[in-house]
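# A closer look at the structure
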Amino acid sequence: MTTSSQKLIPELSVGDITKSLHFYTEILGFSIAYERPEEGFAFLIMGEVELMLDEIGKGRTWETGELTPPLGRGINLQIEVENVDEMLSRIQKNDIKLFLEVEEKWYRVDDHESGNKQFLVQDPDGYLLRFTQDLGDRSLQN
């Protein structure tokens, strides 16, 4: 079993672990670090990114309210990748619709701006995944 040194690892409740594993491993390129099929659970990694999937109703499900699609409303998971175009290609090859088309976006951080090339896609349960590539920093435009 692999243990993590990360301090925050999201666990996503999913409707069908098989469908989710296909999306995350076959399309996005995550690997399964370990799993508990009897509980519908999988721990996934991709580079330094770690994510847990847990099938609703199998094993323990942490329900704070009714779990109706799309899940994860109000949150998006930012996943930094080395090359956002390679991830985009993987998604387009599988005819998956983007939630937000590719853009270059600059965000103010104190006295400078930090840039991302990014897009958003929804996973099979509706969770928003924002794939980003760092574009570096620049001075604020006056």
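These lines cover the structure that appears in this document, whether it is placed above or below. Here the structure is a predicted model, which means the values were calculated and not measured.

According to the stated counting rule, one finds five aromatic pairs in the structure shown. Between F23 and Y24, the aromatic rings sit 5.2 Å apart at their centres with planes inclined by 85°, giving edge-to-face as the arrangement. By relative accessible area, which is 0% here, Y24 ends up buried. Ring plane angle 15° and centroid distance 5.1 Å describe the contact between Y34 and F43, whose orientation is recorded as stacked. Of the aromatic side chains, those joined through ring pairs into one cluster are F23, Y24 and F30. Cation over ring: R36 sits above F41, and NZ or CZ is 4.1 Å from the ring centre. One cation-aromatic arrangement involves R138 over W106; the distance from NZ or CZ to the ring centre is 4.1 Å.

Hydrogen bonds along the backbone pair up the strands of a sheet, which may run parallel or antiparallel. A sheet is described by the order of its strands in space; here four strands give the open sequence β5-β8-β7-β6, paired in mixed fashion. In this open sheet, the two strands that pair with only one neighbour each are β5 (76-80) and β6 (98-109). The sheet shows a mean angle of 30° between the axes of neighbouring strands, taken without regard to direction. Pairing analysis gives nine bridges linking β6 to strand β7 (residues 112-122), with the strands arranged antiparallel. Paired with R108 across the strands is E113, a residue of β7. Against the sheet, helix α2 (residues 84-93) contacts β6, β7 and β8 (128-139), and its axis sits at roughly 10° relative to β7.

With that out of the way, let us pick up the environment of Q141. Topologically, Q141 is positioned in the segment after β8. A relative accessible area of 61% means that Q141 is categorised as exposed.

By size, the foremost hydrophobic cluster in this structure holds 29 residues, and its most contacted members are Y24, L28, F30, I91, F119, L129 and F131. Secondary-structure elements contributing two or more residues to this core are β1 (11-14), α1 (17-27), β3 (41-46), β4 (49-55), β5, α2, β7 and β8. The leading source of residues in this core is α1, at five residues. Contacts of F119, omitting those with residues within four sequence positions, involve V84, M87, L88, I91, L98, L100, E101, V102, L129, R130 and F131.

In this section: the side chain of E113. One can find E113 in strand β7. Residue E113 is classed as buried on the basis of its relative accessible area, which comes to 13%. In this structure the side chain of E113 is engaged in a polar contact, spanning 2.7 Å, whose partner is the side chain of R138. Setting aside residues no more than four positions away along its own chain, E113 makes contact with W106, Y107, R108, G136, D137, R138, S139, L140 and Q141.

Here the focus is the pairing of β5. Along β5, the buried face is formed by L77 and I79; none of N76, Q78 and E80, which line the opposite face, is buried. As paired elements, β5 and β8 share five bridges and run parallel to each other. Along β8, the bridge assignment pairs E80 with T132.

As a further point, take the pattern of salt bridges. As enumerated under the stated definition, the model contains three salt bridges in all. Across the pair D85 and K117 runs a salt bridge whose closest N-O atoms are separated by 2.9 Å. Here the residue D85 occupies a position in helix α2, and K117 occupies one in strand β7, the gap between them amounting to 32 residues. By relative accessible area, D85 is classed as partly exposed at 37%. For R138, the salt bridge is made with E113, and the minimal N-O distance between the two is 2.7 Å. Note that R138 is positioned in strand β8 and E113 in strand β7, a separation of 25 residues in sequence.

About the cut-offs
Residues numbered from 1 in each chain as written. Predicted model: local features only at pLDDT ≥ 70, side-chain atom pairs only at ≥ 80, totals over all residues. Heavy atoms only, no water. Phe/Tyr/Trp six-rings, centres within 6.5 Å; stacked < 30°, edge-to-face > 60°. Buried < 20%, exposed > 50% of the residue type's maximum accessible area, 1.4 Å probe, protein only. Lys NZ or Arg CZ within 6 Å of the ring centre and 35° of its normal. Pairing = 2+ DSSP bridges. Helix = DSSP H or I, 4+ residues; strand = E, 2+ residues; numbered from the N terminus. Axes fitted to C-alpha atoms, helices over the stretch in contact; angles between N-to-C directions. Contact = heavy atoms within 4.5 Å. Core = buried A, V, L, I, M, F, W, Y, C linked by side-chain atoms within 4.5 Å. Polar contact = N/O pair within 3.5 Å; in protein donor to acceptor, adjacent residues only side chain to side chain. Salt bridge = Lys/Arg side-chain N within 4 Å of Asp/Glu carboxyl O.

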